[in-house]
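Analysis of the macromolecular model
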Amino acid sequence: MGLENLFLGFQIAVTPFNLFIAVVGITLGTIIGVLPGLGGANGVAILLPLTFTMPPTSAIILLTSIYWGALFGGAITSVLFNIPGEPWSVATTFDGYPLAKQGQGGQALTAAFTSSFVGALFSIVLITFFAPLLAEIALKFGPPEFFAIQFLTFSSFVGLGGGNPLKTLVSILLGFILAAVGLDIVTGQLRLTFGFVDLMKGFDFIVAVIGLFGIGEILLSVEEGLKFHGAKTRMNLRVVLDTWKILPRYYRTFARGAFIGFWMGFKPGGATPASFMSYAFAKRFSKNSDRFGKGELEGVVAPETAAHSAGVAAMLPMITLGIPGSPTAAVMLGGLIIWGLQPGPMLFKEQPEFVWGLIASMYTGNIIGVLMVLAFVPFFAGILRIPFGILTPSIIVVCAIGSYAVHNSMIDIWYMLLFGVVGYVFKKLDYPLAPLVLALVLGDIAENALRQSLIMSQGSLAIFFTRPISGAISAVAVFFFILPVITPWWRRLRGFPAPARETGLH
Amino acid sequence: MRRADLVTAAALMGLGGVVISDAVRLGIGWGDEGPRSGFFPFWLALLLAAMGAAIFVQALARRSAKPFVTRERLIPVLKVLGPLAGFVVATDPPGPWPGLGLYVAAALYIGFYMRWIGSHSWLAVAAVAVGFPLVTFYIFETWFLVPMPKGPLEAWLGY
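Residues numbered from 1 in each chain as written. Chains lettered and ligands numbered in written order. Predicted model: local features only at pLDDT ≥ 70, side-chain atom pairs only at ≥ 80, totals over all residues.

**Section: the overall build of chain A**
- Scanning chain A from terminus to terminus reveals 21 helices and two strands.
- Whereas a compact globule of 506 residues would reach a radius of gyration of roughly 23 Å, chain A reaches 22 Å, a difference of no more than 12%.
- Counting only C-alpha atoms, chain A reaches 65 × 55 × 50 Å along its principal axes.
- Taking all 506 residues of chain A together, 62% fall into the buried category. (Helix = DSSP H or I, 4+ residues; strand = E, 2+ residues; numbered from the N terminus. Rg over C-alpha atoms; globule rule 2.2 N^0.38 Å. Buried ≥ 20, exposed ≤ 12 C-beta atoms within 10 Å, placed from the backbone.)

**Focus: the interface of chain B and chain A**
- Taken residue by residue, the interface counts 51 residues in chain B and 51 residues in chain A.
- The biggest single contributor to the side of chain B that touches chain A is helix H2 (residues 39-61) of chain B, with nine residues.
- In terms of residue class, the side of chain B that touches chain A is made up of 39 nonpolar, six polar and six charged. (Contact = placed C-beta atoms within 7 Å. Nonpolar A, V, L, I, M, F, W, Y, C, P; charged D, E, K, R; others polar.)

**Remarks on the domain arrangement of chain B**
- Along its sequence, chain B is organised into domain 1 (2-61) and domain 2 (71-157).
- Put simply, the middle of domain 1 of chain B and the middle of domain 2 of chain B, counted by C-alpha atoms, are 39 Å apart. (Domains from an automatic or database assignment.)

**A look at unusual backbone geometry**
- At Asn-408 of chain A, a residue that is not glycine, the phi angle is positive and equals roughly 50°.
- Structurally, Asn-408 of chain A can be placed in the loop between helix H17 (388-407) and helix H18 (411-428).
- Positive phi is not limited to glycine here, since Ser-119 of chain B has a value of about 50°.
- A tally of 10 C-beta atoms within 10 Å means that Ser-119 of chain B is categorised as exposed.

**As for the packing of H17 of chain A against helix H4 (residues 102-116) of chain B**
- It is at 8 Å that the axes of H17 of chain A and H4 of chain B come closest, and there the two elements cross at 160°. By the angle between their axes, H17 of chain A is roughly antiparallel relative to H4 of chain B. Considering how the two elements wind past one another, H17 of chain A and H4 of chain B form a crossing that is right-handed. Contacts between H17 of chain A and H4 of chain B involve Gly-389, Ile-390, Thr-392, Pro-393, Ser-394, Val-397, Ala-400 and Ile-401 of chain A from the former and Leu-102, Ala-106, Tyr-109, Ile-110, Tyr-113 and Met-114 of chain B from the latter.
- Residues belonging to the contact of H17 of chain A with H4 of chain B are distributed by class as follows: eleven nonpolar, three polar and no charged. (Axes fitted to C-alpha atoms, helices over the stretch in contact; angles between N-to-C directions. Parallel < 35°, antiparallel > 145°, perpendicular 65-115°, else oblique. Left-handed = near helix turned anticlockwise from the far one by under 90°.)

**Quick notes on the environment of Pro-345 of chain A**
- Counting through the fold element by element, Pro-345 of chain A comes out in the loop between helix H14 (327-338) and helix H15 (346-350).
- Beyond its immediate stretch of four places on either side in the chain, Pro-345 of chain A contacts Ala-135, Ala-138, Leu-139, Thr-320 and Leu-321 of chain A.

**Some thoughts on the nonpolar core**
- Membership of the largest hydrophobic core comes to 214 residues, with the highest contact counts inside it found for Val-209 and Val-437 of chain A.
- Counting residues per element, this core draws most heavily on helix H5 (residues 90-138) of chain A, which supplies 19 residues.
- Two domains each put at least three residues into this core: domain 1 (2-61) and domain 2 (71-157) of chain B.
- In this view, Val-209 of chain A contacts Ala-41, Asn-42, Ala-45, Pro-327, Val-331 and Val-437 of chain A; residues no more than four positions away in its chain are not counted. (Core = buried A, V, L, I, M, F, W, Y, C linked by C-beta atoms within 7 Å.)

The structure is reproduced here in structure tokens:
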């Protein structure tokens, strides 16, 4: 059913220009993934202004390619330097770095890249078939359903994200409040500007992403005094081929990781728990479970498959419902709006070339990506050998350029600085940053959905629970919101020990 | 950590109060076209203040000897923030004074930081501090036509 559409997509994605864009994006993305202080979300944010003059399909291919590159790049630093470039690569360090220290970095990296590719491919195939169906269903949604889905998105941060639920809620609320600053398009009134002209434009999420994730991350890493002790790699065709001979042995781990990744991934904040869950399952079912943590190839396969599968799955709600599953997807959603596209289920009807070009480019992007990282690992690893004194100011200058470019305004560079300090403090105090960014992007959309729903019901909140679809979604959302309250109680009842908490930042 | 948690929670409550006051001014009830402008911010801010209060109480109940940041760990952070603020001011200071433009400020900033923190040789400093802004200038100004703040040097060169 979707195959002729997919074929149409490939005709768009496989033009020389778009393939070139994909190569550029993956190169930049891998560099961004390797560099400390630059991750997928703010890499995409910094480069977003460069896409303003491009055709939308090429623009989204550039941004998604950066995303794939960043996902691959995270594995390089985890394996060779024991530094997880992204939170979901933490589990990759457990076995990747010991392998690299034993001189098997090449094998570990080959396994990591291959697993990433397999996980991604699994999710892309599912997206190809499920996205049109989901969009078809979503076409029947009205404002109450959309608000209920947003409600569910944020509730899953509270219920599944781990960490202090109160602090997660604070992040969400702050994001929505920041989004409300400026002109209210419904009534034409100025909100929360307190007479300052500069506040009239409001806060842009791109600047927030660059500040919170970019500058905040740099401040945190200098405070922790990060030093890079890289393990040496031997990476050549023989190592790759030899590893590929071993990998089919782990087909169960691949399958499990891909499923866990997809299932967790289309919900916000899913990639990090998915990678840990996949690692834990692999360890439990492996014949060599005692070798996990000391340098077991299967321990690299499991988290990488799940993380990349989840990373791709996060695109599903973004293209079908217009609701991003991760900060990176949120930035891309912001891009869609800037390029003049209306995110949501209508996209499949109104812009089929765009949607199917994007889906087809997921295939080509990941194929190009895995080949490129396999071929150029030494180059990408070499980036981390650039001295800290050069790297820090260079990254900061690029962040400043990205912030200024959004609106050509100097105040945005100051906001970047402010968000950087806030990001540093929030990270230290365990306030999650991802929900804040998502709320900032979705603020206006959510508020409009809420207002329209309330107009439909003449002010009664019951509308979210009485309509069948929104009622079911809202019920799940309410369940997630109270999950942190009932979990300890439930565990005590069953006699489980309290869980170790980890923050889920996606 | 405890004190930092208390201060942040208090700040959140304060912020909630500020937002509530503006929301009340805008009207939090029902207007001609449905909920008024202040409706959504009011409930957000009310919840924010409540969460702030809850976190405040949580932090009060907890004993933590671990400081938010020690002096020797704060110094490297300030060493990044200080020059960064200097770079922003040099690019375009707030108020009527003209700035150097982003590229010249970036060259000075990178050069200063490399020499001060990295103790690189003057040759390396000159190469990176001039080369990096030149490359970014080429990419952003000429290739992608994204204009950055410019100063007297660019004006003299005719940009």
